[in-house]
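Observations on the three-dimensional arrangement
Each chain, written out:
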Amino acid sequence: MPDEPIRNSQSAIRNLIRPDIATMEEYTPVQPFEVLSQRLGRAAEAIVKLDANENPYGPAPRVMEALSRFPWYHIYPDPQQGALREALAGYVGVPEEHILPGHGADELLDYLCRLFLLPGASSGSGDAVVNCPPTFGMYSFDAGLSGGKVIDVPRHEDFSLDVAGIEAVVLSAQPPPKLLFLTSPNNPDGSLISHNTLRRLLKLPIVVVVDEAYVEFAAGDVSVAGWVPETPNLVVLRTFSKWAGLAGLRLGYGIFPLDIIQHLWKFKQPYNVNVAATVAGLASLEELPLLRQRIASLIAERERLRDELAKFSFLRPLPSQANFVLCETLCVPARQIHRALAEQGVLVRYYDKPGLRNYIRISAGRPSDTDALLQALTSLGIE
Ligand SMILES: Cc1ncc(COP(=O)(O)O)c(C=O)c1O
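In this text, all values refer to a predicted model and were calculated from it rather than measured experimentally. (Residues numbered from 1 in each chain as written. Predicted model: local features only at pLDDT ≥ 70, side-chain atom pairs only at ≥ 80, totals over all residues. Heavy atoms only, no water.)

Here we look at the side chain of Asp 51
- The residue Asp 51 is located in the loop between strand E1 (48–49) and helix H5 (61–69) in this model.
- A distance of 2.8 Å separates a polar atom in the side chain of Asp 51 from a polar atom in the side chain of Lys 49. (Helix = DSSP H or I, 4+ residues; strand = E, 2+ residues; numbered from the N terminus. Polar contact = N/O pair within 3.5 Å; in protein donor to acceptor, adjacent residues only side chain to side chain.)

Side note on the pairing of strand E7 (residues 234–239)
- Burial within E7 is extensive, with six of its six residues counted as buried.
- A two-sided burial pattern is seen for E7, the buried positions comprising Leu 234, Val 236 and Arg 238 on one face and Val 235, Leu 237 and Thr 239 on the other.
- Across four bridges, the pairing between strand E6 (residues 207–211) and E7 is parallel. The residue of E7 that forms the bridge with Val 209 is Val 235. (Buried < 20%, exposed > 50% of the residue type's maximum accessible area, 1.4 Å probe, protein only. Pairing = 2+ DSSP bridges.)

Details of the site of the ligand
- Within the structure, the ligand sits among 14 residues, and Asp 211, Tyr 214, Thr 239, Ser 241 and Arg 250 are positioned closest to it.
- One of the side-chain N or O atoms of Asn 187 is found 2.8 Å from an oxygen atom in the ligand.
- For the ligand, a nitrogen atom lies 2.6 Å from a polar atom in the side chain of Asp 211.
- Surface burial for the ligand is 92%, taken as the share of its 390 Å² of free accessible area covered by protein chains.
- Here the shell around the ligand gets three residues from one element, more than from any other, and that element is helix H7 (residues 104–116).
- Tallied by class, the residues present in the shell around the ligand amount to five nonpolar, five polar and four charged. (Near = heavy atom within 4 Å. Areas by Shrake-Rupley, 256 points an atom, 1.4 Å probe, with all protein chains shown as cover. Nonpolar A, V, L, I, M, F, W, Y, C, P; charged D, E, K, R; others polar.)

These values are about where atoms sit, not about what they do.
The structure is reproduced here in structure tokens:
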């Protein structure tokens, strides 16, 4: 065995890693549910998990039956995802040639960054994306991972987009940024982007990615997926994680203009969506009435949650069109409330960063989840 290479291997290997990745900060991994349950000293069933906008009702019963009946787990998936794309075309109302499923919407965000961004941010060159924080963290994460630059155009204090700011950046930055990430409803505040605002932004020379992960919880028919076939610079991303309760199975999809999707087909991983996710997605689309009832229950619970939170003097909940409520904490640090609730087995997400100083985000759950949260908040005894 050669001595020298092994003694030097640590720094030698580090030098081989892409410098921008080697110097990147590690992200804090989410704790697995079982570990969390051990740390809190509570059975998993006794934890009220309202921190990740998951769907507490879980998959539809038909999904569980279809998964247990499926006989072909030993066979590779269909790389073209024919059956799923056909079913999705019916659900979204857009021809299937515009639709590409992914291992969660997250995978498609990564694909988009890799498709459009020429790396080079670490050396000052490289392509850029426009990001509108506070928003979902994966846009800047994936852009960075692809060696791209992130130009932030922060939202206004009421979380609405700084449209003029976005226009100014897109029209003046050099080289011109390539992707604009928008989220409607936005995570973490739950606000929608109006169709007029979107029409204005679509006039810019940039690919506009509208992330509709939570659109099933919004009032009215607000999705812009149907615009894609006629709009060459619009991409819409959707997921089964929230409304269909499949977060753990990882199934999302994008609706792309033909000039974009043809290139995605060239480099997507052939088996990027596994058969279990495919079976679950198809079965969910066959069980829409039940899943829509559950969505309606979560919407009702979101509204009750907001009304009840507003009764606490130290909380200022915001209106939301998603399956969560963002809430400013007044007088008491959000971190303190987060920790005190966790000690009682109620998990919420807290933020303490620019643009989101002292906020907690609470997912809408079952009525019993809201009851547990309200009881835990009351027991804090904060006046
Ligand atoms: C705005 C937004 N987009 C996408 C995702 C991820 O979707 P998926 O689970 O399909 O990867 C999330 C998850 O929280 C989200 O909040």
